[in-house]
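Secondary and tertiary structure notes
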Amino acid sequence: MHVAITGADLLTCHGGTEPTYAALAKGVDGSQALRFYDSDRINVTRGYYVDDDVDGGDELLLRAGRWLARCVLGAVRQAGVDPARERVSVIVGTGLRELRAVERWALDGVPVRRRDLHFTTAVREVLPEAAEVITLSNACSASGHALALAQDLLAAGEADAVVAAGCDAMSESMLTMIGRVADAPTPALQPFQEGRAGVLLGEGAVAVVLRRATDAGPAPLATVLGTGLSCDAHHETAPDVGGIVAAMRDAHRRSGVTPQDIGLVLAHGTGTALNDPTEAAALDTVFAGAAPGPLVTGIKGAIGHTSGSAALMSLLVAAEALRSGSVPATVGLTEPIEAAAGLRLVIGEPASCDARVAQVDAFGFGGVNAVSVIKVER
């Protein structure tokens, strides 16, 4: 069943929704020198931070939940949702939850109430009458899975509106993990770039309000035609072409589209040794025979890898690109890898686009994949 996005809000290292779109259009790399952590010890020197001035609070405690609450409230207000008069569910996708608060509790003795580590507390501060708040921890495709479950709730008649959201903040343990797999600190996140050095972390939050398309009224922000999922369990961390292809084809089947219908792909594009050629191979497989194929871009070179937020952040950027007719270039990409030679990558400058349908990719550790298809009417 098609569902409509009637409200949305976003927070990245560039700020809110409009500043983020503007930074992407200009190709701004939002990374900064690493804060709060010993760069030499963890082998990571840069990250994509949400500025303290944007958030206005203690930069170290329960950051993700505060950003989530801000975005949920913004999306609900834009959509005109009234949880006192209709059933509103909230589904939050995350990779790390409030892991940084747990680290500070364990290592520095900074107290935290355990109930605050679940996002129910943060959401109910701004939406106390929500029927339910569900948290999913599905790695880097988590908000894509939240979107799929939101569609299912609406299709089953279990809610009148659903807020699908994602949020994550940097943590020392996650930074340490990416530092361990690099010979030297990664200077920049460069999706599909020859000689790319690896991933860097971003942070922030995102929320969208969904209704059944028949109940949405005129001019929704976008229509979600369908979301395909796969869990290939190929490897703990390495992606698998077959699992990704399965998610893409599932998304197309559920959406009632063919590869020829899709004019834009927002790639997962992590800038890692394995993701980029694997994703390129999957796109080559799925779009074979659909010449010239869709434009392909990615946003992680501008905002970092935002973990559980990544899928919905890419979805909103895809919707904006379809609405505006301008696709932002992939920041950090100047010389594509050979495996991506068959893709219409957007490099250097924004590309004009008259497409109405876009595909959004999100892949997680363990082969937990989510691919969505959206449509925008101009």
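For the structure given in this document, a descriptive report is provided here. (Residues numbered from 1 in each chain as written. Predicted model: local features only at pLDDT ≥ 70, side-chain atom pairs only at ≥ 80, totals over all residues. Heavy atoms only, no water.)

A few words now on the pairing of strand β14 (residues 357-364). Two faces make up the sheet, and in a regular strand the side chains alternate between them. Among the eight residues of β14, eight are classified as buried, and the element is accordingly described as predominantly covered. Side chains Val357, Gln359, Asp361 and Phe363 of β14 all project onto a buried face; the interleaved residues Ala358, Val360, Ala362 and Gly364 project onto the opposite face, where all are buried too. Turn length for the β14-strand β15 (residues 368-375) hairpin, with the two strands adjacent in sequence and antiparallel, is three residues, and the turn residue Gly366 shows positive phi of about 80°. (Buried < 20%, exposed > 50% of the residue type's maximum accessible area, 1.4 Å probe, protein only. Helix = DSSP H or I, 4+ residues; strand = E, 2+ residues; numbered from the N terminus. Pairing = 2+ DSSP bridges.)

Inspection of every chain in the model, using the stated rule, returns two aromatic pairs. The interplanar angle of 75° and the centroid separation of 6.2 Å between the aromatic rings of Phe36 and Tyr37 together place this pair among those described as edge-to-face. Ring geometry for Phe36 against Tyr49: centres 5.7 Å apart, planes inclined by 85°, an arrangement best described as edge-to-face. Of the two residues, Phe36 sits in the loop between β2 (32-33) and α2 (39-42) while Tyr49 sits in the loop between β3 (46-47) and α3 (52-55), which places them 13 residues apart along the sequence. You can call Tyr49 buried: its relative accessible area is 0%. By way of ring pairs, the aromatic residues Phe36, Tyr37 and Tyr49 are connected into one cluster. Across from the ring centre of Tyr49, 4.3 Å away, lies the NZ or CZ of Arg35, which sits over that ring. (Phe/Tyr/Trp six-rings, centres within 6.5 Å; stacked < 30°, edge-to-face > 60°. Lys NZ or Arg CZ within 6 Å of the ring centre and 35° of its normal.)

It is worth spelling out the environment of Arg77 at this point. As for its position among the elements, Arg77 is in helix α4 (residues 63-79). On the accessibility criterion, Arg77 (63% relative accessible area) is exposed. Along the chain, Arg77 and Gly7 lie 70 residues apart, while their C-alpha atoms are 7.5 Å from each other.

Axis separation between helix α9 (residues 241-255) and helix α10 (residues 275-286) bottoms out at 9 Å; the angle between their running directions is 45°. One element, α9, and the other, α10, form an angle in the oblique class. Every pair of crossing elements has a handedness; the one defined by α9 and α10 is right-handed. Along the contact surface, α9 presents Val241, Ile244, Val245, Met248, Arg249 and His252, while α10 presents Thr278, Ala281, Ala282, Leu283, Thr285 and Val286. Of the residues in the contact of α9 with α10, the class split is eight nonpolar, three polar and one charged. (Axes fitted to C-alpha atoms, helices over the stretch in contact; angles between N-to-C directions. Parallel < 35°, antiparallel > 145°, perpendicular 65-115°, else oblique. Left-handed = near helix turned anticlockwise from the far one by under 90°. Contact = heavy atoms within 4.5 Å. Nonpolar A, V, L, I, M, F, W, Y, C, P; charged D, E, K, R; others polar.)

This part covers the side chain of Asp361. Residue position: Asp361 is located in strand β14. In terms of polar contacts, Asp361 uses its side chain to reach the side chain of Gln359, at 2.9 Å. Non-local contacts of Asp361, meaning those with residues more than four positions away in its chain, are made with Met248, Val265, Leu266, Ala267, His268, Glu279, Leu283, Ala370 and Val371. (Polar contact = N/O pair within 3.5 Å; in protein donor to acceptor, adjacent residues only side chain to side chain.)

So, about the environment of Ala311. With respect to the secondary-structure elements, Ala311 resides in helix α12 (residues 310-324). With a relative accessible area of 7%, Ala311 lands in the buried category. On a C-alpha basis, the gap between Ala311 and Ser372 in space is 8.6 Å, while along the polypeptide they are 61 residues apart. Excluding residues within four positions of it along the chain, Ala311 makes contact with Ser143, Gly144, Val360 and Ala362.

The mixed open sheet is built from eleven strands, whose spatial order is β5-β4-β6-β7-β1-β8-β15-β14-β9-β10-β12. Strands at the two margins of the open sheet, each flanked by one partner only, are β5 (132-136) and β12 (344-345). Judged from the three bridges that link them, strand β9 (residues 264-266) and strand β10 (residues 295-297) form a sheet pairing that is parallel. The partner of Val265 across the bridge, within β10, is Val296. The sheet contacts of helix α7 (residues 142-155) involve β1 (3-11), β4 (88-93), β5, β6 (161-168), β7 (204-212), β8 (222-231) and β15, and relative to β6 the element is tilted by about 170°.

Our next topic: the side chain of Gln359. Inspection of the secondary structure puts Gln359 in strand β14. Residue class for Gln359 comes out buried when judged on its relative accessible area of 0%. One polar contact links Gln359 to His252, side chain to side chain, over a distance of 2.8 Å. Dropping the residues within four chain positions of it, Gln359 is found in contact with Met248, His252, Ile262, Leu264, Val265, Leu266, Leu283, Phe287, Val371 and Ser372.

Right, let's talk about unusual backbone geometry for a bit. With omega at 5°, the peptide bond leading from Ala291 into Pro292 counts as cis. Position of Pro292 relative to the elements: it lies in the loop between α10 and β10. Residue Asn43 is not a glycine yet carries a positive backbone phi of 65°.

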